[in-house]
Amino acid sequence: MSLWEYANPVRFIRVTDRVLPVVAASALGCLVVGLVWGFFFTPDDYRQGSTVKIIYLHVPAALMAINAWLMMLVASLIWVVRRHHVSALAARAAAPVGATMTVIALATGAIWGQPMWGTWWAWDPRLTSFLILFLFYLGYMALWEAIENDDSAADLTSILCLVGSVFALLSRYAVNFWNQGLHQGASLSLDKEENVADVFYMPLLVCIAGFVLLFVALVFLRTQTEIRARRMRAILARERMA
C-alpha cells in the first residue's frame, strides 16, 4: 500500500480513528509517569535547587514547538508538490498545538530563568528567535482565517511556513551561533558531556515521549475536524449555488 493512499480523507479518518485512542492513552501514561517521576522522585540540583524540575515541562515543550513547525513545513511542501488536501489541513491543524507549546516553553523558561538570571526576560538569541517563532505561528493561523478559499490559503501559508522555518532552526541552534546569550546549551545532546545528569535524564526522556505522543494525538484529532469542516463548507457552497 502506498503512503499516498493515506492522503485520501476518508482513509485518513478511518485509520486515525483506530490509532487515536492508543496514541492518546500512551501520551497520558508517559506524561503521568514522567512528570510524577521527575517532580517527586528526583533530587534538587546542587546549584538550581528545585527550580531545575521545570525542565520536565520546558524542554519537551520547546522541542515540540520547533518540531511542530518543521512538521508543518513538510506537510506544506507535500501540498505544494502533490496537492493533497489532507497534508495542508494537517499543517493547519498543527499550528495551534505548536503555538501552545511555544507559549508553554516561553512561560516555563521565564519562571526558570528568573531565579537563575535575575530577570524574567532577556533579549537572548534563543529567547528572541523563539518569540519570533511564536509570532509566525500567530501570523500563520491568522492567514488561514483571513483567506476564504482553502487552496489559496494553503498556498500562501506554505510560503509563510517556509520563511518561518528559518526561525524554527534558529530557535534550536541559536546557542551554537551566538555565545553571548544567557541561555544554556542543549539539555540533550549526542555529546554525553553536555547532557543533563543521569538522574534527570530518564524521566526527561519519558516526558518528551509523552509530549510527542500528545502532539500526534492532537494533530490527528484536529486534522479530522478540519477535514469534516472543509467537507461541510463544500456542501454549503454547493447548496448556495443550487
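Residues numbered from 1 in each chain as written. Predicted model: local features only at pLDDT ≥ 70, side-chain atom pairs only at ≥ 80, totals over all residues. Heavy atoms only, no water.

Attention now moves to the overall build of the protein. Broken down by element type, the protein carries 6 helices and 0 strands. For the protein, buried positions account for 42% of its 242 residues. Sequence separation of at least 24 residues holds for 75% of the intrachain contacts in the protein that already meet a minimum separation of 6. By element, 67% of the accessible surface of the protein is carried by carbon and sulfur atoms, the whole surface being about 13000 Å². (Helix = DSSP H or I, 4+ residues; strand = E, 2+ residues; numbered from the N terminus. Buried < 20%, exposed > 50% of the residue type's maximum accessible area, 1.4 Å probe, protein only. Contact = heavy atoms within 4.5 Å. Areas by Shrake-Rupley, 256 points an atom, 1.4 Å probe, with all protein chains shown as cover.)

Picture a little ball the size of a water molecule; that probe, rolled over the atoms, points out where space is still empty. Inspection of every chain in the model, using the stated rule, returns 1 cavity of 30 Å³ or more. Considered as a void within the structure, the largest cavity measures approximately 30 Å³ in volume. Along its surface, the largest cavity is lined by Ala 75, Ser 76, Trp 79, Ala 88, Ala 91, Tyr 140, Trp 144, Ala 154, Thr 157 and Ser 158. At the level of elements, helix H2 (55-82), helix H3 (85-117), helix H4 (125-146) and helix H5 (150-177) are the ones that each hand at least two residues to the lining of the largest cavity. Of the residues contributing to the lining of the largest cavity, the split by class is 7 nonpolar, 3 polar and no charged. (1 Å grid on protein atoms, 1.4 Å probe; cavity = no way out; pocket = protein on both sides within 12 Å on 5 of 7 lines; lining within 4 Å. Points joined across faces, edges and corners; volume = space filled by probe spheres on them. Nonpolar A, V, L, I, M, F, W, Y, C, P; charged D, E, K, R; others polar.)

The biggest cluster of nonpolar side chains holds 36 residues, and the ones touching the most others in it are Trp 69, Met 72, Phe 130, Tyr 137, Tyr 140 and Phe 215. Mapped by element, the contributors of at least two residues to this core are H2, H3, H4, H5 and helix H6 (198-241). In contact with Phe 215, not counting residues within four places along its chain, are Met 64, Ala 68, Met 71, Ala 94 and Val 97. (Core = buried A, V, L, I, M, F, W, Y, C linked by side-chain atoms within 4.5 Å.)

Another aspect to go through is the side chain of Glu 226. Topologically, Glu 226 is positioned in helix H6. The class for Glu 226 is buried, based on a relative accessible area of 10%. The residues contacting Glu 226, other than those within four sequence positions of it, are Leu 89, Arg 92 and Ala 93.

Further remarks concern the side chain of Ser 158. On the secondary structure map, Ser 158 appears in helix H5. With sequence-adjacent residues up to four places away left out, Ser 158 is seen in contact with Ser 76, Trp 79 and Val 80.

Turning next to the UniProt feature "transmembrane region" (unreviewed entry) in the protein. As recorded in UniProt, the sites labelled "transmembrane region" (unreviewed entry) are residues 20-42, 54-81, 93-115, 127-147, 159-179 and 199-221. Annotated as 91% helix and 0% strand, the span residues 20-42 places its first and last C-alpha atoms 32 Å apart. Between the end C-alpha atoms of residues 54-81 the distance is 41 Å, and the span holds 96% helix and 0% strand. (UniProt positions renumbered as here; feature names shortened; annotations may be inferred.)

Turning our attention to the packing of H2 against H6. Between H2 and H6, the shortest axis-to-axis distance is 9 Å and the interhelical angle comes to 40°. As judged from the angle between their axes, H2 and H6 are oblique. Between H2 and H6 lies a crossing of right-handed hand. Mapping the contact onto sequence places Ile 55, Tyr 56, Leu 57, Val 59, Pro 60, Ala 61, Leu 63, Met 64, Ala 68 and Met 71 in H2 and Val 199, Phe 200, Pro 203, Leu 204, Cys 207, Ile 208, Phe 211, Val 212, Phe 215 and Val 219 in H6. Split by residue class, the contact of H2 with H6 holds 20 nonpolar, no polar and no charged. (Axes fitted to C-alpha atoms, helices over the stretch in contact; angles between N-to-C directions. Parallel < 35°, antiparallel > 145°, perpendicular 65-115°, else oblique. Left-handed = near helix turned anticlockwise from the far one by under 90°.)

A positive phi angle, close to 60°, is found at Arg 83, a residue other than glycine. Relative to the helices and strands, Arg 83 is located in the loop between H2 and H3. For Arg 83, a relative accessible area of 38% translates into the label partly exposed.

Moving on, we come to the pattern of salt bridges. This structure, assessed with the given rule, holds 7 salt bridges. Measuring nitrogen to oxygen at the nearest pair gives 2.9 Å for the salt bridge that ties Asp 155 to Arg 83. In this pair, Asp 155 is assigned in helix H5 and Arg 83 in the loop between H2 and H3, connecting sequence segments 72 residues apart. According to the relative accessible area criterion, Asp 155 is partly exposed, its value standing at 30%. When the shortest N-O distance is used, the salt bridge between Arg 233 and Asp 150 registers 2.8 Å. Residue Arg 233 is found in helix H6, and its partner Asp 150 is found in helix H5; the two are separated by 83 residues along the sequence. What makes Asp 150 buried here is its relative accessible area of 16%. (Salt bridge = Lys/Arg side-chain N within 4 Å of Asp/Glu carboxyl O.)

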